[in-house]
Structures are given as structure tokens and as C-alpha cells.
Amino acid sequence: MNYMKRALFYVKRKMSKSIILGITFFMIGNLVLVGLGISNAAENAKQITRNKMRAVVAYEMDYETFWKDMEKLESDEERNAFSQNMPRVDNEKVKTMMSDERVAGVNQLISAVAYSNGFENVPVGNENKKNEGGSGGVSIDAVTGVEYVYQESNLLVMANAYPNMIEFLDNTFTLQEGRMYTQDDIDNSNRVAVITKELAEQNGLRVGDTIKYTMFQGSQLEEYKTTMGISEDDCIMEVEIIGIYTTINDVDPNSEQFDWMAPYESPKNAILVPLTAHADFSYNLISKVYDYFEKTGNTAMIEGQDRPTLNDYLNTNKATFLLKNANDIHSFVDDNKSNEETYIKFNSNEKEFNELAKPLDSLSFFANVIVWIVALNAIVIISLVTALTLKTREFEIGVLLSLGVSKVKVVLQLFTELLIIGLMGFTLAVASGSLIAGQIGDLVLDYQQNNVDEEIETDTNYSWIGDQSYFTEISQDELLQNYHVSINPILILEIYGLGILVVFVSILIPSAMIMRLNPKRIMLS
């Protein structure tokens, strides 16, 4: 321990040198503290925002690429054939990925608009406004040729391939009575449904009751039954209510679309059914319609269409996985990249999120560059100062070596001297940096926002009715609100750790010089 005492004595004896080195460490510490503070604040803001967002990954149809490739085709026949062969998500791949321990739930949904049969939908609240402008209009049915008054769909049927729906897991939906349909209900195509509390109260419905809905409005339904000879059971879906749920989703009375919103667009009019039951019903109905056109020779209505199959209604254009942790998104996508196909890709909303986070990424990058530049300059300066002072300390080093002190302990003494001064400088830097880091970080962010006017580009969305995006929508302002530069214990440890590293590297060159010294030659000279 004698080398530590000698180091402390030397620091006290050479006070002017110690003060100069201390000021150097102090300035280095402040710059490093601000740089690391800004970098950590930027990364923390991104992580906090990510944690607030749904940890979802979509395995979906890449419509943008698909349509672009179709537009490259020269003839209408090629484009029609290309469109008819639109790929769908592979159910077996979805099932395999669903078994991943990182997955909490999955939505492989088909959503369809429908008409209630024998019960009323929940009013949207815009009925008076719509009545003022006149409701409905006369249309001619393409199949029967009969005129009918157009009526808006008033139900949205949400058919999922799995019982663990994302909405129940993230508390968007909450089961109030009864139960959700199970995997057994799905496997057996049971005609069961879970409806909203508002829809149940509107019609006095309870668990155990049955409701009916159809894909055609009243006047159309009768014509279809009469013209095509389709039975009522083929046209009308009857389901047993097994559960009643509430939803936090609702219509926005202040939106531009509210005045003309259709009843099926209200979340209160959504009915949850197993995908298999919905597929069986749809396949049976459309197959008989197809048979009718084929039998009557009305091939224009089915031109270019293959005979429907059950898989046509079981396969979807998207499967959305809810993960247990947002930090697993990248690893989940990377581990399942082999499941991607030409037009079926993973989408974790990274492009949009990264666009929003560009100001923070830029801050983090430049802050890290500053830290490394400061650290490298510190190493060069301190190494140079230490090496130059060795010339004036040759006699002292020679005496120590002649007395039997090992060269290693001489090096340790020099290291301890720098470490004592460095720790004092960095301690003062922590005290002053804590006061200025936050202000400098905010000024840098404000400067960048005021001088960079960049339009955020997002992908074009191609979606069907009822097709939902489960990505949490955020704005850049919401992201930047989480940016706060603060000094915490971990950051302080990083500062001291970097300081020790700088001192260690700085002493390497002087150490090499000491190892070459010959004590006898030093004393003779």
C-alpha cells in the first residue's frame, strides 16, 4: 500500500499540477456527462414510448408491392389473373408462431358487415342529422334486377381464428357476463357469439338467448330466397349469446365522419364469433349462389372466379400477434423471418416509429460522437502530460527502483495519482453537470426541431372494411414529451467508469517508458 501513500503525497506536493489536471478532468467530465445524459435521455424516451404502445407484430399481405407488381403487367387478362391469385396468410405458419412463448395473443380476423334480423342495433347518435338529408336511395340488385331501397349495414361481425383476442388481453374489451368462445367452439364451428353490453341492453338480451343476422337487407333477402331457391337457414345466421362484453372504444361525435357514420361503424354494434362458424356459413351461402349462376348460365356474374372453397373463408390477409414484451419485437421478427413469402411480410410499425424518432436518433448519434471525441482527446492529453513529467521524475523513479520497489508498483503509483485527481474532477463535474445537463439537452433538442423541417412519410394503407390496425398511434410531440435529460445513479457510474478507463489507457504509454528504465543508469546520470 506504500505506492498509494506516495501517490497521495505527490498529489498534495505538486498542487499546481494537480489543479491543472483536475480542471482538465472537470471539463472532460462535464462534456461527457452532458453527452451521455442526452444520449440516454433519447434512448429512454424511445423505450418509454415503445412500452406505452401495444407490443404487436402484423404478419400481413404487402398490398403496396402487390399492386405495384400488378400494374407492371401489360394486359387486363394478366392483371385479372394476377389479382385472382392474391396470396393469403398461411394458417399453419400462424399456428406455429402462436405457440411461441413470447406471444400473448393473436388476432386472425375476418370482419364483415351484416344486418340484424329481429333485433335493433345501438344508435350511433347521428340519426337526426342523417334523416335531415334523406335516408337511403333506390338501387337495382345486380342479381335479381329488382329495385330496392338501400339500407345501411348495422352490425360488424368480427370472426377470429383464436379465442385469445388482443382486445381482451389489453383491456380494450372486458367480459361482463358469460364467457368468450373457446378453442373447442372454434374446432367444432359452434354458432356462438359474444355481444356488447349496449347491444344486449338495447334489445333485452341475456346470455343463453339467440340472435339472427344476415348479409342481405330485408327486401334483398326475400328476393334472393325466392329467385335462387335458397332456404332461410342458408341466408340467416343464428347464434347463441354466450357472453356479454364492454368496450372502451366509441364513436367520436367531433369527427368529420360522425354525421354520416353507418351503424356498423359503432364499436357498440360489434359481434364476436368464431372464424370457423362464420366461414361455414359464408361458404355454404356463396356456394349456393355460385351454383345458381352456373345452373342458369349467368356466367358473367362468376366470370374469372373459381368455385369457392371453405379455405377461401378460413384464410385471412393478416394475423396480428400481441407479444408479452415490447423488447421482444425485434427478436420475434428475426426468428420468424423464414415464414415471410413474396407478398406476405412482417410489419412491426418500425418504419413509422423510426421516422418519428429521427430527432432523438440524431441527438443520440451526435452526443455519442462528442463523448468519444472528448474521451480520445482526454487520453491523448493526459498521456502526453504524464509522459512529459516522467523526465522530471527520473531521479525519483530511479531511487524507488534502487530501493527494490518493483516497476509495477511505480506504474500503480502513477495510475493512483491520476485516479485521485480524476475522481475529484469527475465528482465536481457530476455536481455541476447535474445543473446544466437538462438545460443543454432541451436547448439542443429545440434547436434541432427549429432547424429541421422534415416531412414524416408513412406507408399507404390498403385495408378492407373492418380491417384494424393494432399499432398504437402516436405523434412526434408525444414521443418527444418523454425526452428528459436527468442525472441518475447509473449515469454517474458510467461517468466514473469512463473516467477510470481514460486514466487506465492514458497510463499505458508512460508505463511502457517506465518498463524500459534502468535504475543503475538513472542514478549514474
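Here the residue index of a chain counts from 1 through its sequence in written order. For a predicted model such as this one, the threshold for reporting local features is a pLDDT of at least 70, and the threshold for listing and counting side-chain atom pairs is 80 or more; totals across whole chains, interfaces and linings nevertheless cover every residue. For the side-chain quantities, the full set of heavy atoms in the structure was used; hydrogens and water were omitted.

Q: Residue-level account of the overall build of the protein, with values.
A: Each helix and strand counted, the protein has 22 helices and 13 strands in total. In the protein, which comprises 525 residues, the share counted as buried stands at 45%. For this analysis, residues touch if any pair of their heavy atoms sits within 4.5 Å. Put simply, of all contacts in the protein between residues at least 6 apart along the chain, 84% involve residues at least 24 apart. If you sum the accessible surface of the protein, you get close to 27700 Å²; carbon and sulfur atoms cover 54% of it. Put simply, DSSP H or I for four residues or longer makes a helix, DSSP E for two residues or longer makes a strand, and each gets a number counted from the N terminus. Burial classes: relative accessible area under 20% of the type maximum marks a residue as buried, over 50% as exposed, and values in between as partly exposed (1.4 Å probe, protein chains only). Here the accessible surface of atoms and residues is derived via Shrake-Rupley with a 1.4 Å probe, and residues count as covered only by protein chains that are part of the display.

Q: Give me the nonpolar core: which residues, what numbers.
A: Ile195 and Phe321 are the most contacted members of the largest nonpolar core, which totals 49 residues. In contact with Ile195, other than residues within four places in its own chain, are Ala200, Leu205, Ile211, Ile241, Gly243, Ile244, Tyr245, Ala270 and Ile271. Among the nonpolar cores identified, the runner-up in size contains 31 residues, and Ile28, Val32, Val411 and Leu491 belong to it. Nine residue types can take part in a nonpolar core, namely buried Ala, Val, Leu, Ile, Met, Phe, Trp, Tyr and Cys, and a core is a set of them joined through side-chain atoms within 4.5 Å.

Q: Describe the side chain of Thr276, listing the residues and the values that go with them.
A: Among the structural elements, Thr276 can be located in helix H12 (residues 275-296). Polar contacts, as used here, are pairs of N or O atoms within 3.5 Å; protein pairs need one atom able to donate a hydrogen and one able to accept it. Residues neighboring in sequence count only if both atoms are side-chain atoms. Within the local environment of Thr276, its side chain forms a polar contact with the backbone oxygen of Ile186, the two atoms lying 2.6 Å apart.

Q: Before we move on, could you go through empty space enclosed by the protein and cite the residues and values that matter?
A: Here a cavity is any set of points on a 1 Å grid over the protein atoms alone where a 1.4 Å probe fits but cannot get out, and a pocket is any open set with protein on both sides within 12 Å along at least 5 of 7 lines; a residue lines the site when it has an atom within 4 Å of a point. Grid points are joined across faces, edges and corners, and a volume is the space filled by probe spheres set on the points. Applying the stated criterion across every chain, the model contains three cavities of 30 Å³ or more. If you trace the largest cavity, you find 14 residues lining it, with Tyr10, Lys17, Arg393, Glu417 and Leu418 closest to the centre. At the level of elements, helix H1 (2-13), helix H2 (15-52), helix H16 (358-392) and helix H18 (407-451) are the ones that each hand at least two residues to the lining of the largest cavity. Grouping the amino acids of the lining of the largest cavity by side-chain chemistry returns seven nonpolar, three polar and four charged. Any residue that is not Ala, Val, Leu, Ile, Met, Phe, Trp, Tyr, Cys, Pro, Asp, Glu, Lys or Arg is counted as polar, Gly included; the first ten are nonpolar and the last four charged.

Q: Before we move on, could you go through unusual backbone geometry and cite the residues and values that matter?
A: Its identity as a non-glycine residue notwithstanding, Asn171 has a phi of 65°, on the positive side. If you trace the backbone, Asn171 turns up in the loop between helix H7 (166-169) and strand S7 (173-178). Residue classification places Asn171 among the exposed positions, given a relative accessible area of 52%. With phi around 55°, Ser189 is a residue other than glycine that occupies positive phi space.

Q: Report on a nonpolar patch on the surface, specifying residues and quantitative values.
A: Exposure above 30% relative accessible area and no salt bridge define the residues that can form patches, which grow by joining like charges within 9 Å and nonpolar side chains of Val, Leu, Ile, Met, Phe, Trp and Tyr within 5 Å. Here a salt bridge means any side-chain nitrogen of Lys or Arg lying within 4 Å of a carboxyl oxygen belonging to Asp or Glu. Where nonpolar side chains cluster on the molecular surface, the patch consists of Met15, Ile19, Ile23 and Met27 and spans about 390 Å² of accessible area. If you trace the backbone, Met27 turns up in helix H2. Note on Met27: relative accessible area 48%, which makes it partly exposed.

Q: Tell me about the packing of H2 against helix H20 (residues 489-506), and name the residues and values.
A: Every angle, taken between N-to-C directions, lies between 0 and 180 degrees, and every axis is a line fitted to C-alpha atoms, over only the stretch in contact when it is a helix. Their axes nearest at 10 Å, the elements H2 and H20 cross at an angle of 135°. The angle between H2 and H20 falls in the class oblique. In the packing of H2 onto H20, the handedness of the crossing is right-handed. Taking contact as the criterion, the partners of Phe25, Val32, Leu33, Leu36, Gly37 and Asn40 in H2 are, on H20, Leu491, Glu494, Ile495, Leu498 and Val503. Of the residues in the contact of H2 with H20, the class split is eight nonpolar, two polar and one charged. In this scheme, roughly parallel covers angles under 35 degrees and roughly antiparallel covers those over 145, while 65 to 115 is roughly perpendicular and the rest are oblique. Put simply, a crossing is left-handed when the front helix is turned counterclockwise from the back one by less than a right angle, and right-handed when it is turned clockwise.

Q: So what's going on with the sheet that holds strand S1 (residues 56-61)? Residues and values would help.
A: Reading across from one edge, S2-S12-S1-S13 is the order of the four strands in this open sheet, with antiparallel pairing throughout. Strands at the two margins of the open sheet, each flanked by one partner only, are strand S2 (103-107) and strand S13 (344-347). Mean inter-strand twist for the sheet, computed between neighbouring axes without regard to direction, equals 20°. Here S1 pairs with S13 via four bridges, running antiparallel. Across the sheet, residue Glu60 finds its bridge partner in S13, namely Lys345. Two strands are counted as paired when DSSP detects at least two bridges linking them.

Q: Provide a residue-level description of the packing of aromatic side chains, including the pertinent values.
A: Ring pairs shown here join Phe, Tyr and Trp side chains whose ring centres sit within 6.5 Å, with only the six-membered ring taken for Trp; geometry is labelled stacked below 30 degrees between planes, edge-to-face above 60, and tilted in between. In the structure shown here, the tally under the stated rule is 12 aromatic pairs. Relative to Phe426, the ring of Phe25 lies with its centre 6.0 Å away and its plane at 55°, an arrangement referred to as tilted. Pair noted here: Phe25 is in helix H2 and Phe426 is in helix H18, with a separation of 401 residues, a long-range link. Given a relative accessible area of 1%, Phe25 falls into the buried group. Aromatic rings pair up to connect Tyr63, Phe66, Trp67, Phe82 and Tyr343 into one cluster.

Q: Requested: an account of H1, with residues and values cited.
A: Look at H1: 16 Å from first C-alpha to last across 12 residues, which is about the 16 Å you get at 1.5 Å a residue. For H1, every residue scored as buried is listed here: Tyr3, Ala7, Tyr10 and Val11. For H1, the angular spread of buried residues about the axis comes to 100°, placing them on one side. For H1, the exposed residues lying more than 90 degrees away from the buried face are Asn2, Lys5, Phe9 and Lys12. Take the residue count of a helix, subtract one, and multiply by 1.5 Å to get its expected span. Arc, as used here, means the arc of the directions from the helix axis to the C-beta atoms.

Q: Go over the pattern of salt bridges with me, naming the residues and quoting the values.
A: On inspection of all chains with the given rule, the structure shows 11 salt bridges. Asp100 is the salt-bridge partner of Arg102, the closest N and O atoms lying 2.8 Å from each other. Just as Arg102 is buried, Asp100 falls in that class too. With a closest N to O distance of 2.7 Å, Asp185 and Arg179 form a salt bridge. Asp185 gets classed as buried once you look at its relative accessible area, which sits at 5%. The partly exposed category is assigned to Arg179, whose relative accessible area is 35%. Overlapping salt bridges, with partners in common, bring together Asp100, Arg102 and Asp335 in one network.

Q: An account of the side chain of Thr172 is needed here, citing residue identities and associated values.
A: Tracing the backbone through its elements, the reader meets Thr172 in the loop between H7 and S7. Polar contacts involving the side chain of Thr172 include one to the side chain of Asp170, which spans 2.8 Å. Not counting residues within four places of it along the chain, the set of residues in contact with Thr172 comprises Arg54, Glu167, Thr246, Thr247, Ile248 and Asn249.

Q: Now, about the environment of Val122: what can you tell me, with residues and values included?
A: Structurally, the position occupied by Val122 is in the loop between strand S3 (109-117) and helix H6 (127-132). Along the chain, Val122 and Gln202 lie 80 residues apart, while their C-alpha atoms are 6.4 Å from each other. Residues within four places of Val122 in sequence aside, it is in contact with Glu198, Leu199, Gln202, Lys268 and Asn269.

Function cannot be inferred from these measures alone, as they are strictly geometric.
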